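The chain contents come next:
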Amino acid sequence: MNRLPYDPSANVCPDFMDERYRAGRTVFVTPNISEVQAAATLRGIWVTTNDALCIQWQQQVIEDDRLRTEQQRLAEEEEERSFQAIRLEEETAQAEEKKKNRSKYHVLPERPRPTTTEDDIIVSDFAMRKIDKGLYVEIYYWTNDGLDDALANYRTKDDDGMVPTTGEDGVLMLARFWGALMIHRHWNSRDKSLQKGLLLYQEEQRRAWHNAIPIPANAWDISIISESAISRTCNRVYRDDRNKQDLSDDYKKSQGSNLRIGLGDSFSNPRGRRSRRSVSPNRKRRSASPTKRSSAPRTARAAAGACSGFPAGVHNTRSPAVCAVCLGRNSHSFIECTAERLWDSAFPSVATRSNKQLLLRSSDKPLCVDWQRAIGCSSHSHSERHVCSGCLATTHGAQNCPRAQTLAPGHSL
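Here the structure is a predicted model, which is why all the values come from computation and not from measurement.

Calculation criteria
- Residues numbered from 1 in each chain as written.
- Predicted model: local features only at pLDDT ≥ 70, side-chain atom pairs only at ≥ 80, totals over all residues.
- Heavy atoms only, no water.
- Helix = DSSP H or I, 4+ residues; strand = E, 2+ residues; numbered from the N terminus.
- Buried < 20%, exposed > 50% of the residue type's maximum accessible area, 1.4 Å probe, protein only.
- Contact = heavy atoms within 4.5 Å.
- Areas by Shrake-Rupley, 256 points an atom, 1.4 Å probe, with all protein chains shown as cover.
- Expected span 1.5 Å × (residues − 1).
- Core = buried A, V, L, I, M, F, W, Y, C linked by side-chain atoms within 4.5 Å.
- Pairing = 2+ DSSP bridges.
- Phe/Tyr/Trp six-rings, centres within 6.5 Å; stacked < 30°, edge-to-face > 60°.
- Salt bridge = Lys/Arg side-chain N within 4 Å of Asp/Glu carboxyl O.
- pLDDT = per-residue confidence, 0-100.
- Patch = residues over 30% accessible without salt bridge, like charges linked within 9 Å, V, L, I, M, F, W, Y side chains within 5 Å.
- Polar contact = N/O pair within 3.5 Å; in protein donor to acceptor, adjacent residues only side chain to side chain.
- Disulfide = S-S within 2.5 Å.

### Observations regarding the overall build of the protein
1) Next: Each helix and strand in the protein was counted, giving nine helices and two strands.
2) Next: Looking at the protein as a whole, 27% of its 413 residues are labelled buried.
3) Next: Partitioning the contacts of the protein with sequence separation of at least 6, the portion at a separation of at least 24 is 55%.
4) Next: Split by element, the accessible area of the protein, about 29100 Å² in all, is 54% carbon and sulfur.

As structure tokens, this is what we get:
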């Protein structure tokens, strides 16, 4: 059945008595049927045909509605399937994110910080990660020196430095925390020790807060300012400043006393003055024999003795410096060392030398040479290279590594 292009119910029956329909009337005209009767017959045929078209139109409308409804249902089902697939993907990604960064999604309780001691103990992140993996951890990290080293070289636990380690609640808490500090009375105080104490308070509070987030029972609302903790911190800063000032004053006094004593000895010895004045100007000083005394300057000899790490006259094959590759002090070319194990063969070496560069064996990643020294490296432009070349710790360099060879008893740096 052909599809109707429009609704036939709006059609109007024509006048079949019109001259245009004469040929159609003539077909039905007989001796017993007049033209009027023929026109009536034509009108009846038209009405019957138009009614049939109207019924077809109604059926066509009903079928179109059914098809439209079915298409809409299929489209909605497809949209629902797509939505569920996207939702499942998002839930899976969120679950992986929560599994990777558990501390970011912890619900932080709105309460003050639980009562703690004045000084917080912070263990090295490197040691804590080894414990999490079930690996052996040296006892050094729990000694006073190890704890002091971890406190002085504290770094965030998050591997992705620019990724927030807290959720929206933590971000709001930090925002309120900084807002409370900026309106604190110590913020614009003329007393520098109070300002320094407030800065030290925020550093210690944030550090302890981030460490407590992975344990929901220990977390708290950092935006609640503790005046007692601020007071203790400011008092500690004041005491430290006073101790430094006292030490500086004592040093200046000792230097002044030594200067006065030296001047008093030189001017109180008249014999010495007479002996200097009695020296004949024509008398020449006899040069020392090169076979009895070295002609090298005393400062150069002293510098050579200091570089060796031992008193003058002591001969030894050990150096006060530590090789960044094998952590040994035995005399060898540090800049070309490629030992595969440390000096005592207890551990495999994690670094090597290539073209006089210090590299990681596993990835050929360059390491900071200055970081391996005792004084460390103060640059923050390549913090990812600040790794110990002996144990991969981020809290110290090779010179301070607990795996390094120690100096023999009786010889110190």
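### Here's the deal with helix 6 (residues 192-212)
1) Next: Counted at 1.5 Å a residue, the expected span for helix 6 with its 21 residues is 30 Å, and the 30 Å between its end C-alpha atoms agrees.
2) Next: Regarding helix 6, the residues found buried are Ser193, Gly197, Leu198, Tyr201, Gln202, Gln205, Arg207, Ala208, Trp209 and Ala212.

### Notes on the nonpolar core
1) Next: In this structure, Phe177, Leu181, Tyr201, Trp209, Trp220, Ile222 and Ile230 are the most contacted members of the largest nonpolar core, which totals 15 residues.
2) Next: Mapped onto this core, the elements with two or more residues apiece are helix 5 (168-182), helix 6 and helix 7 (227-267).
3) Next: Top contributing element to this core by residue count: helix 6, with five residues.
4) Next: Of all hydrophobic cores here, the second largest spans 14 residues; its members include Val322, Leu327, Ala393 and Ala404.

### With respect to the pairing of strand 1 (residues 351-354)
1) Next: Examined bridge by bridge, strand 1 and strand 2 (residues 357-360) share four bridges and lie antiparallel to one another. The partner of Ser354 across the bridge, within strand 2, is Gln357.
2) Next: Adjacent in sequence and paired antiparallel, strand 1 and strand 2 are bridged by two residues, among which Asn355 carries a positive phi angle near 55 degrees.

### Remarks on the packing of aromatic side chains
1) Next: If you walk through the whole model with that rule in mind, you get three aromatic pairs.
2) Next: Between the aromatic rings of Phe177 and Tyr201, the centroid separation amounts to 6.5 Å while the plane-to-plane angle is 40 degrees, which identifies the pairing as tilted. You can see Phe177 sitting in helix 5 and its partner Tyr201 sitting in helix 6, a full 24 residues away along the chain.
3) Next: Owing to a relative accessible area of 0%, Phe177 belongs among the buried residues under this scheme.

### Focus on helix 2 (residues 35-100)
1) Next: Here helix 2 spans 96 Å end to end across 66 residues, near enough to the 98 Å set by a 1.5 Å rise per residue.
2) Next: When helix 2 is considered as a whole, its buried residues turn out to be Ala38, Ala39, Leu42, Asn50, Cys54, Gln56, Trp57, Gln60 and Asp64.
3) Next: On its buried face, helix 2 is in contact with helix 1 (22-28).

### A look at the pattern of salt bridges
1) Next: Under the counting rule described, the total for this entry stands at 19 salt bridges.
2) Next: When the shortest N-O distance is used, the salt bridge between Arg81 and Glu78 registers 2.5 Å. Of this pair, Arg81 and Glu78 are both found in helix 2, three residues apart, which corresponds to roughly one turn of the helix.
3) Next: Classification of Glu78 by relative accessible area gives partly exposed; the value is 41%.
4) Next: When the shortest N-O distance is used, the salt bridge between Arg185 and Glu227 registers 3.6 Å.

### Observations concerning the environment of Arg385
1) Next: Here Arg385 shows up in the segment after strand 2.
2) Next: Since its relative accessible area comes to 35%, Arg385 is described here as partly exposed.
3) Next: In this structure the C-alpha to C-alpha distance between Arg385 and Pro366, which are 19 residues apart in sequence, comes to 6.8 Å.
4) Next: Not counting residues up to four positions away in its chain, the partners in contact with Arg385 are Pro366, Leu367 and Cys368.

### Looking at the confidence of the model for the protein
1) Next: Chain-level statistics for the protein give a pLDDT mean of 77 and a share of 72% at 70 or above.
2) Next: When the criterion is pLDDT under 50, residues 155-165 qualifies, and its contacts beyond four places in sequence or with other chains add up to 14 contacts.
3) Next: Note that residues 270-317 has pLDDT below 50 and, in this model, 20 contacts with residues that lie over four places away or in other chains.

### Digging into the environment of Gly146
1) Next: Assignment of secondary structure puts Gly146 in helix 4 (residues 144-152).
2) Next: With 256 residues separating them along the chain, Gly146 and Pro402 place their C-alpha atoms 9.4 Å apart.

### A few points about a nonpolar patch on the surface
1) Next: A cluster of nonpolar side chains, Met128, Ile131, Ile139 and Trp142, forms an exposed patch at the surface whose accessible area comes to about 380 Å².
2) Next: Here Ile139 shows up in the loop between helix 3 (125-132) and helix 4.

### Side note on the side chain of Glu138
1) Next: Within the fold, Glu138 resides in the loop between helix 3 and helix 4.
2) Next: Among the residues examined, Glu138 registers a relative accessible area of 12% and is labelled buried.
3) Next: Within the structure, Glu138 has its side chain in polar contact with the side chain of Arg403 (distance 3.4 Å).
4) Next: Not counting residues within four places of it along the chain, the set of residues in contact with Glu138 comprises Lys130, Phe347 and Arg403.

### Some remarks on the state of the cysteines
1) Next: Counting across every chain of the model gives zero disulfides.
2) Next: Here Cys323 stays unpaired: no disulfide links it, and the sulfur of Cys337, its closest cysteine neighbor, is 3.7 Å away.
3) Next: Classification of Cys323 by relative accessible area gives buried; the value is 0%.

### Overview of unusual backbone geometry
Trans is the prevailing form of peptide bonds, just as negative phi is the prevailing case for residues other than glycine.
1) Next: For Leu327, which is not glycine, the phi torsion reads 60 degrees and is therefore positive.
2) Next: Mapped onto the fold, Leu327 is located in the loop between helix 9 (298-308) and strand 1.
3) Next: The phi dihedral of Leu392 is positive, around 70 degrees, even though this residue is not glycine.
4) Next: Residue position: Leu392 is located in the segment after strand 2.
5) Next: For Leu392, a relative accessible area of 38% puts it in the partly exposed group.

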